[in-house]
Every structure is written in C-alpha cells, then in structure tokens.
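# An overview of the molecular structure
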Amino acid sequence: MFNFPKHSFFYKLFYSITISLLLILTSCNNLHSDVSLTGSPKLITFRIDAADYNNISQKLSSKLLTDNKVLNNKGKVLALGPVDLSSTIYRIDPRTLQEKLQTTLHKSGNLQVTFAVDAMKDNSAAEARYKIMQLQWEKESLVDPKDLKTFGQLANIDYLLFGRVSSQQTVQGDKTEVTYTYNWKLGDCKTGLLVWTDEEEINKRGNTPSVPGWVLDRRNGEDDHYYYEIGHAKEQNTLEKARIAAMENAKELIANRNQHLLPMDETGLVHPIQGKELKVQMLPQGLYTNKTSKGFQAWIIVKHKKESYEKLLKERNKILSLSLEAEKLTREALQSSKQFQRRKYYNQAIAQLNSIKVTYPIANSNGVNTERLLFNLADLYKQVDGSCAAQDIYQSIIDRSSKSEWIDKSHAQLKQVNCGKKERAQFLLSKRFSGKKVSVLAAYRTNGKIHYWKKIDQLMIKYLNGLGSQISSASKKVGANKIIKISNANGKFNNSSDISLVVAAIGEMIQRSNKNNPNGKDFRFKGEIKTYTIDAGQLTFIDEYNGLSGWNPISESMVMEVVAIQAFNRWKKEYKRYLGTQDN
C-alpha cells in the first residue's frame with residue numbers, strides 16, 4: 001500500500017484519482033457494461049441486449065402458460081405475428097425475441113408454436129390477409145375480427161400473437177433514461193377476439209452521451225412497410241436550420257436507395273428520385289440538437305413508406321422504358337430509305353412520348369424533364385409535317401414553364417415553324433378528338449314518325465375515326481326516341497364517353513305530284529336541324545338552324561341522306577369556328 005505524507009503532492013494526487021474513479025463507477029452502476037471476448041470494454045449504449053431478450057421472453061412465456069385460456073388448449077397452434085417497431089428510435093430485433101419465445105413455449109409442451117410467415121408460406125390469400133392485419137395493428141392498435149378469423153382458416157392456426165415495442169427517452173442534465181414498453185395481445189382465430197394482453201417495461205439509465213444513443217447504435221434501415229434513415233446536419237446558424245437540413249439529409253439518403261434499379265437514362269428525360277418528392281414522418285423523440293463552437297447541429301430519424309418509394313421507382317422505370325423505345329424508333333426512322341417506313345417509325349415514336357406527356361404535364365413533372373420531353377416530341381412532329389402540333393407544343397412551354405432557358409428556346413423555334421390556317425383548323429380538330437372515346441347519337445322525326453339516322457352516323461364515324469378518336473355509334477343502343485328527347489332537352493345527356501355528338505332533324509316531309517317521276521311523287525324535308533357536342537356531361541357546342549332541302553324524286557330516306565351530308569358539312573365548318581379557326 002502506498003504511504004505518502006498526508007499533505008504531500010503525491011498524497012493529494014492519489015486521493016484525487018481515487019475519488020474520481022469512485023464517482024465514475026457509481027455513475028455507471030445502472031448501465032449495461034458489456035465486455036467483449038478479449039476482455040476489453042465495449043461501447044456502452046442504451047440498446048436492448050441479449051440479457052433483455054432472454055428476460056422479456058421468459059416473462060412473456062410464463063404469463064402465457066399460466067393463463068387459463070391458453071393453458072386449457074393443449075396442442076393448439078400459436079403463430080408469432082407482427083411486431084410493430086414504428087414508435088421506437090432504437091434498434092430492436094423482433095426475430096431474436098420471437099425465436100427465444102418459441103423455444104421457451106415449445107419446452108412447455110402446451111402449444112405448437114410457429115412463425116406466421118411460415119404458417120402462410122406459398123398461400124397468397126393468407127399472405128394478403130396478414131398484410132391487412134399488419135397495417136391495422138400498426139395504424140389503429142386493433143385488428144378486424146373477420147380478418148383474424150379468415151387468416152386463421154387460411155393458415156390453419158388457432159392463435160396469433162401481436163407485439164408492439166415503443167420507447168420513451170428522458171434526459172435530466174447529464175443523465176438519460178430510456179424506457180422500453182413491450183405490449184402484447186393474443187388473438188383467437190376461431191372467434192376473432194383478443195383473449196389476452198400484457199405489458200412489460202425495461203429501463204436503461206446512464207450518462208447522456210454527446211451523440212444520441214440511437215445514432216451510435218442505428219436501428220435497422222427497413223421493415224415490412226417502411227424505410228428508416230437518420231439525417232445529420234452541422235455548422236448551421238440556428239437550431240431550426242439545423243433541424244431542416246437534417247430532415248433534408250434523411251430524405252436524400254432514403255431517395256438514394258435502389259437508384260441502381262433504374263436503367264441508364266440515355267434520353268435525359270428522367271431525374272433520379274429526389275428527397276423533396278418523399279413524404280417522411282419523424283419518429284417520436286427522433287430529433288436531437290446541440291450547439292458546438294462551429295454552430296448548431298442536429299440528428300433526426302424518419303420513416304418513409306416502402307410502397308410510396310416503390311411506386312416512384314416503378315413510374316421512373318415506365319417513363320424510361322417509353323423514352324428509350326422512342327429513341328430506338330427514331331434511329332430506325334433515320335436509317336430507313338423509304339418514306340412510308342420513316343413516317344411509320346416517327347408516328348410510333350410520337351405515340352411513346354405522347355403516353356408520357358399525358359401522364360406528366362408541365363408543372364406536375366414527378367421527376368420528368370417535361371420541357372425536354374416536349375421538345376423531343378415537337379421535333380418528331382416536324383419530321384411528319386406536324387408543324388401545327390410542334391407550334392402548339394412550343395406555345396405550351398412558353399405559357400406554362402417557369403424555366404427561362406426553355407421559354408427562350410421555344411420562342412426561337414416558333415419563328416421557324418409554319419402552320420397555315422387550313423392546317424391549323426385540321427390540327428385543332430385532331431387535338432380535340434384524338435384518343436378520345438366518342439359516341440354518335442343520330443335520329444330524325446318527320447310527320448310524327450321517328451327514325452335512326454344512319455347516313456350521318458356513318459359520316460361522323462368515318463371522319464372522326466380519321467382524327468384518331470375511339471368512335472362508335474350509340475344510336476341504336478340509346479334508341480331513336482330518346483335521341484329526339486335529348487335534342488329537345490338542349491343536349492342534356494350523361495354518357496360514359498368522353499364526348500357525345502347528338503344530331504337530330506325534326507320537321508315534316510313534304511310531297512308533290514310529278515308526272516315525269518316514275519314514282520309519281522317528289523319529296524323534300526322542311527324543319528329544324530340540331531347538332532350538340534357534350535363533353536363529360538356538359539353541353540359545349542350548339543348549332544341549331546332551319547333547313548329546306550331540294551326536291552328528291554327517289555324517296556324520303558334519300559332526302560334524309562342528302563340532308564345528312566349537308567348537316568355534316570355544316571357541323572365541320574361551325575365546329576372549326578367554335579374551336580377558333582376556320583379553313584377556306
């Protein structure tokens with residue numbers, strides 16, 4: 001034993017070191033002081049360790065096996081179900097806990113214990129039902145009895161054990177306490193009811209680390225439904241800026257997941273998934289901030305739905321597939337020596353890019369470079385004499401884009417495009433009807449008798465089919481009588497089509513004697529002709545006029561064929577006027 005003079009320097013030094021060691025040992029008394037196989041101390045954390053897993057599984061098994069509802073059901077099958085970890089910032093391994101629980105329960109001989117994922121193996125119906133219950137458990141803490149009963153029948157189990165682990169962190173000065181709460185519920189798959197519940201707590205106490213324990217010992221990066229990520233920011237001017245920067249960092253880290261699953265983007269149309277697109281949620285107590293000599297710093301732990309991320313990834317892949325196919329078709333068009341083949345390839349490429357344009361318009365890009373997309377599309381249109389379509393695209397960029405670079409490029413291109421009045425009229429008609437589901441309803445009434453108006457039906461279908469619409473006759477399906485009623489009700493009509501064209505003639509068939517006519521009679525129509533366009537149930541175009549046909553020596557039906565041709569030609573002229581242009 002050392003024996004220094006009481007007031008000597010060495011005595012004071014030895015005394016000071018001894019007191020310091022005692023204080024350190026006292027302060028660490030409540031911490032798990034893990035020791036490695038080599039005997040050197042490991043990092044002390046607030047995490048759940050092997051001893052805790054053993055302890056909680058022993059307590060849970062003991063309570064389950066002494067409950068009469070379970071004890072009296074020897075031989076029944078208990079499946080270890082979902083464990084919700086969405087309310088803890090710390091790393092938990094539910095599989096380790098469940099395996100220890102399975103071992104303990106098996107030894108009792110009272111129950112057959114399996115994992116729910118094994119019980120429903122290769123059973124897609126059971127798996128679908130399990131996922132529903134998993135979401136219910138996570139969101140509402142309750143499970144629909146019907147789902148529980150159905151799952152029990154499909155997976156052939158009697159009980160399903162649900163778990164939830166949450167954590168609560170309290171900091172007082174230089175001391176931190178983390179309380180883990182384990183909540184358990186047992187569902188009876190025969191009745192659909194919860195028949196047993198239990199709750200256990202584990203407390204961890206110790207010195208507050210300079211960096212949060214949940215950062216030093218990161219929780220798993222994902223589970224069945226969520227990605228988890230910790231964002232970090234430092235050297236910020238304020239705590240609020242540090243928090244925001246840490247959140248953005250966490251979102252970017254999640255966004256970078258699985259980017260390698262996107263094929264190489266040779267077209268420049270698609271951006272990688274970006275953090276600003278993601279809707280994330282901070283975990284309870286998942287924010288830690290402090291101040292250093294260089295400014296404020298923050299750590300934040302967030303979660304993001306896997307389903308949402310995978311949806312974005314799927315959308316990107318779809319867009320890339322379409323754009324790469326358009327690139328391939330464009331190359332084939334350039335290499336083709338025959339004009340009709342070139343047009344065919346260009347039109348196919350246009351179709352690919354148009355399918356992207358419909359889904360991702362400007363100002364709602366979802367990661368698509370819509371200006372580049374539209375420029376590519378305009379260039380393809382110009383190759384097939386679609387100057388008016390190209391002009392329309394450049395104008396839409398000018399009107400709707402917020403990027404000056406693309407607006408300037410569009411102005412420059414507009415000066416090089418020539419779209420004549422006649423071509424523009426045809427383009428606007430094509431734009432109006434192309435790809436739309438269109439129905440024609442045509443009928444006429446003369447001298448009190450109502451007929452299906454076949455001729456104008458045929459004319460409309462042939463013309464609009466050439467404009468690229470998905471057109472069909474609805475006249476016979478709706479009925480001639482109802483079409484006349486619709487025309488008298490100013491076109492009020494609800495139909496599943498995008499556009500409905502209603503054409504009706506109401507009047508009288510006049511006759512006169514004609515000795516030179518083998519039939520002895522001539523015919524003419526006098527009355528009102530109405531044409532309506534109905535878009536999604538709304539009346540958008542009206543043309544009503546009184547007509548008088550010439551005398552026809554053949555028949556009343558021949559008169560109405562001539563009237564149909566006149567009505568069709570008038571509709572084309574008036575509808576172009578309605579669209580804002582007219583060809584001469």
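Since this is a predicted model, take the numbers as computed values, not measurements. (Residues numbered from 1 in each chain as written. Predicted model: local features only at pLDDT ≥ 70, side-chain atom pairs only at ≥ 80, totals over all residues. Heavy atoms only, no water.)

### Quick word on the packing of helix H6 (residues 124-140) against helix H7 (residues 145-155)
- Close contact between H6 and H7 brings their axes to 9 Å; oriented N to C, the two are set at 145 degrees. Crossing of H6 over H7 shows left-handed handedness. Of the residues in H7, those touching H6 at Ala125, Ala126, Arg129, Tyr130, Ile132, Met133 and Gln136 are Asp147, Leu148, Thr150, Phe151, Leu154 and Ala155.
- Residue classes in the contact of H6 with H7 are distributed as nine nonpolar, two polar and two charged. (Axes fitted to C-alpha atoms, helices over the stretch in contact; angles between N-to-C directions. Helix = DSSP H or I, 4+ residues; strand = E, 2+ residues; numbered from the N terminus. Left-handed = near helix turned anticlockwise from the far one by under 90°. Contact = heavy atoms within 4.5 Å. Nonpolar A, V, L, I, M, F, W, Y, C, P; charged D, E, K, R; others polar.)

### Digging into the state of the cysteines
- Under the defined criterion, the tally for this structure stands at one disulfide.
- Covalently, Cys388 is tied to Cys419 through a disulfide, its sulfur atoms 1.9 Å apart. Residues Cys388 and Cys419 are joined by a disulfide whose S-S torsion is about 95 degrees; by sign, that bridge is right-handed. Here Cys388 is found in helix H13 (residues 387-400), whereas its partner Cys419 is found in the loop between helix H14 (404-414) and helix H15 (421-433), with 31 residues between them in sequence. Here Cys388 matches Cys419 in class, with each residue buried. (Disulfide = S-S within 2.5 Å. Buried < 20%, exposed > 50% of the residue type's maximum accessible area, 1.4 Å probe, protein only.)

### Some details on unusual backbone geometry
- Of note, Asn156 is a non-glycine position whose phi angle comes to about 60 degrees, a positive value.
- Checked against the element boundaries, Asn156 lands in the loop between H7 and strand E3 (159-172).
- Within the chain, Asp385 stands out as a residue other than glycine whose phi angle is a positive 60 degrees.
- Along the chain, the position of Asp385 falls in the loop between helix H12 (370-383) and H13.
- Asp385 gets classed as exposed once you look at its relative accessible area, which sits at 64%.

### Structural notes on the sheet that holds strand E6 (residues 226-236)
- Strand order in this open sheet of three strands is E6-E8-E7, and the pairing throughout is antiparallel. In this open sheet, the two edge strands, each paired with only one partner strand, are E6 and strand E7 (281-292). Taken over all neighbouring pairs, the strand axes of this sheet differ in orientation by 15 degrees on average, direction set aside.
- Here nine bridges tie E6 to strand E8 (residues 295-305), and the two strands are oriented antiparallel to one another. Residue pairing across strands places His232 opposite Trp299, the latter belonging to E8.
- Against the sheet, helix H9 (residues 239-255) contacts E6, E7 and E8, and its axis sits at roughly 140 degrees relative to E6. (Pairing = 2+ DSSP bridges.)

So far we have only geometry, and geometry alone does not tell us how the molecule works.
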